[in-house]
Amino acid sequence: MQKFIAVGDVHADWDGLWGALRAASCVDAAGRPTPPVRAGLYQVVLIGDLVHPKNEGAYERLTGVSRFDPRNPDHLFLAAREQVRHLEGLRAFQAAAPHAIHILLGNHDAAVLTTSHVLGTGSGLVHVEFDPSHGGVHLPEHLRAWMEGFPREVRVGSVQFAHVSPLPAHTHYDDLFYSDPGAKRWFRDSPEYVKMAGLSFGVYGHTQIGGGILLNEEAGLAMIDALPARQYLELLLDPAEREPVKVARAMPF
């Protein structure tokens, strides 16, 4: 039996990420994996989207500027610098227990690697701090190589962890993905996709749900983009069993 600690989209909310991992007894005071993580008894899964704060206020908290302007190269430099600093810490944390710390590739992470899509919000904010063609800076090469190695899913028996959904099309962040409204609605419109994919349970992010984590036990899915609500998911799984889900619960911190 293993405990899986799944944390939703980070979006540069480093206080939230480390707070969740501390609450789950996965990280010690020095920022290192705890003994249960190093032993593989606890498995950490980050569901993706490490980069790009969600809104202007989050950028301002990250950078310390009073009015963040994505058209100001100095502001972009500060946003990139602070994210790089925290990515370095997360990379070191994973390197101390790579068998037990899994980080999925989210669409915002992929956008940083390719710079083929400029992502933004409904308020007009654009995420270009790692896009030199828009005034940003290059992601350091060693971090690029690290992120390029992120998987697009993790499977434990018939349980799947993925960034968006169980659909293979939702693991490729191309023009079709960004034009598909179903990527944000599938869990309400077609939750049967999980069972149709032959899964007993699926854990996904990408879409923030009001009120925190959404657990749909009948459909066998959890939507966990819930760091702003200060929640993460715990699962007890036995990979050797046909139906390995034992416990799924949203954990406040």
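Residues numbered from 1 in each chain as written. Predicted model: local features only at pLDDT ≥ 70, side-chain atom pairs only at ≥ 80, totals over all residues. Heavy atoms only, no water.

Labelled according to an unreviewed UniProt entry, the chain appears under the name Metallophosphoesterase, originating from Deinococcus aerius.

Draft legend 1. Spatial organisation of the sheet that holds strand β4 (residues 153-156). Pairing is mixed in the open sheet, where 5 strands are placed in the order β4-β5-β6-β8-β7. In this open sheet, the two edge strands, each paired with only one partner strand, are β4 and β7 (214-216). Each neighbouring strand pair of the sheet contributes to a mean axis angle of 20 degrees, computed without reference to strand direction. As judged from the 4 bridges shared by strand β6 (residues 201-208) and strand β8 (residues 221-225), these two strands associate in the parallel manner. For Gln208, the partnering residue across the bridge sits in β8 and is Asp225. Relative to β6, helix α8 (residues 182-189) is tilted by about 130 degrees, and along the sheet it contacts β6, β7 and β8. (Pairing = 2+ DSSP bridges. Helix = DSSP H or I, 4+ residues; strand = E, 2+ residues; numbered from the N terminus. Axes fitted to C-alpha atoms, helices over the stretch in contact; angles between N-to-C directions. Contact = heavy atoms within 4.5 Å.)

Draft legend 2. Examining the pattern of salt bridges more closely. In total, this model carries 11 salt bridges according to the counting rule given. Its salt-bridge partner being Lys54, residue Asp225 comes within 3.4 Å of it at the nearest N-O pair. Residue Asp225 is found in strand β8, and its partner Lys54 is found in the loop between β2 (42-46) and α3 (56-63); the two are separated by 171 residues along the sequence. With a relative accessible area of 2%, Asp225 lands in the buried category. Between Glu141 and Arg144 there is a salt bridge whose closest N-O contact spans 3.9 Å. Of this pair, Glu141 and Arg144 both sit in helix α6 (residues 141-148), separated by 3 residues, roughly a single helical turn. On the basis of relative accessible area, Arg144 is assigned to the buried category, the value being 16%. Counted as one network, the salt bridges with shared partners bring together Arg81, Glu82 and Arg85. (Salt bridge = Lys/Arg side-chain N within 4 Å of Asp/Glu carboxyl O. Buried < 20%, exposed > 50% of the residue type's maximum accessible area, 1.4 Å probe, protein only.)

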